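Architecture at a glance
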Amino acid sequence: MQFIIIMIKEKNNRQVFFSKGTKFQGKIESKYNIYLSGEVKGEVVSEQDIYVLRGAKVFSSLKAVNIQILGLCEGDVTAAQDVIISEDARVFGNIICKSLDCAQGAIYSGELQVTVQK
């Protein structure tokens, strides 16, 4: 298993990057934004946002405040706020969120549950 993890710390802005070529299996939990560019299998949880970058292959459930997907994601996606799926993205799994933005050309297969604040 090969992986390169980079933590960038700028004052109060911390971010976790899983770079291209990274292969990780297991559970990732962070208080910070997570950027996925490699291959991840398991579960990814962030107290902030998750970004599945172009070329990434994520076979995991994702849970965060906001989630943006530009690569491949196979697994359930749960966002407290927004999920954004780009035109090149492929998403296979159920999505729970307050708002979904799915670009023309994106591939999405699964059930969608939009939560409503009462």
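What you see is a predicted model, and the numbers here were worked out from it, not measured in a lab. Position numbers for residues count from 1 along each chain, tracking the sequence in the order it is written. Given that this is a predicted model, residues contribute local features only at a pLDDT of at least 70 and side-chain atom pairs are listed and counted only at 80 or more, while totals for whole chains, interfaces and linings are drawn from all residues. Neither water nor hydrogens contribute to the side-chain values; these are computed over all heavy atoms in the structure.

Quick look at the overall build of the protein now. Helix numbers and strand numbers start at the N terminus; a helix is a DSSP run of H or I with at least 4 residues, a strand a run of E with at least 2. Across its full length, the protein holds zero helices and 16 strands. Two residues form a contact once any of their heavy atoms are found within 4.5 Å. Counted over contacts in the protein with a minimum sequence separation of 6, partners at least 24 positions apart contribute 2%. All accessible areas in this document rest on Shrake-Rupley with a 1.4 Å probe, and a residue is counted as covered only by the protein chains that are shown. For the protein, the exposed surface amounts to about 6,900 Å²; the carbon and sulfur share of it is 48%.

Further remarks concern the nonpolar core. Of all hydrophobic cores here, the largest spans 25 residues; its most connected members are Leu36, Ile50, Leu62 and Ile67. Ranked by residues supplied to this core, first place goes to strand 7 (residues 57–64) with three residues. To form a nonpolar core, buried Ala, Val, Leu, Ile, Met, Phe, Trp, Tyr and Cys residues must be joined to one another through side-chain atoms within 4.5 Å. Three exposure classes are used, based on accessible area relative to the maximum for each residue type with a 1.4 Å probe and protein chains only: buried under 20%, partly exposed in between, and exposed over 50%.

Okay, the side chain of Ser60 next. Mapped onto the secondary structure, Ser60 falls in strand 7. Ignoring any residue separated from it by four or fewer positions in sequence, one finds Ser60 in contact with Val40, Lys41, Gly42, Glu43, Val44, Cys73, Glu74, Gly75 and Asp76.

So, on to the pairing of strand 6 (residues 49–52). Judged by which residues are buried, strand 6 turns out to be covered on both faces: Asp49 and Tyr51 on one side and Ile50 and Val52 on the other are all buried. Two strands qualify as a pair provided that DSSP identifies no fewer than 2 bridges between them. Here strand 4 (residues 33–36) pairs with strand 6 via three bridges, running parallel. Residue Ile34 lies in a different strand from strand 6, and its bridge partner there is Ile50. Alignment of strand 6 against strand 8 (residues 66–69), held across four bridges, turns out to be parallel.

Bringing the confidence of the model for the protein into the picture now. Along the chain, pLDDT gives the predictor's confidence residue by residue, from 0 to 100. Averaged over all residues, the pLDDT of the protein equals 87, while 83% of them reach at least 70. For residues 1–11, every residue scores under 50 in pLDDT, and the model assigns this stretch 27 contacts once sequence neighbours within four places are set aside.

By convention in these notes, a salt bridge is any Lys or Arg side-chain nitrogen within 4 Å of a carboxyl oxygen on Asp or Glu. Summed over all chains, the structure comprises five salt bridges. For Glu39, the salt bridge identified is with Lys41, shortest N-O distance 3.8 Å. Taking the shortest distance from any N to any O, the salt bridge between Arg54 and Asp88 comes out at 3.1 Å. Remark: Asp88 occurs in the loop between strand 11 (82–85) and strand 12 (90–92) and Arg54 occurs in the loop between strand 6 and strand 7; sequence separation between them is 34 residues. Given a relative accessible area of 46%, Arg54 falls into the partly exposed group. Here Asp88 falls in the partly exposed class, since its relative accessible area comes to 45%. When salt bridges with common partners are traced through the structure, they connect Lys27, Glu29 and Glu43 into a single cluster.

Okay, the pairing of strand 5 (residues 39–46) next. Bridge analysis of strand 3 (residues 23–30) against strand 5 gives eight bridges, and the strand direction is parallel. By the bridge assignment for strand 5, Ile28 is matched with Val44. Two strands pair when backbone bridges link them, and strand 5 and strand 7 are joined in this way by seven bridges, in the parallel orientation. Note that in strand 7 the partner of Val45 across the bridge is Lys63.

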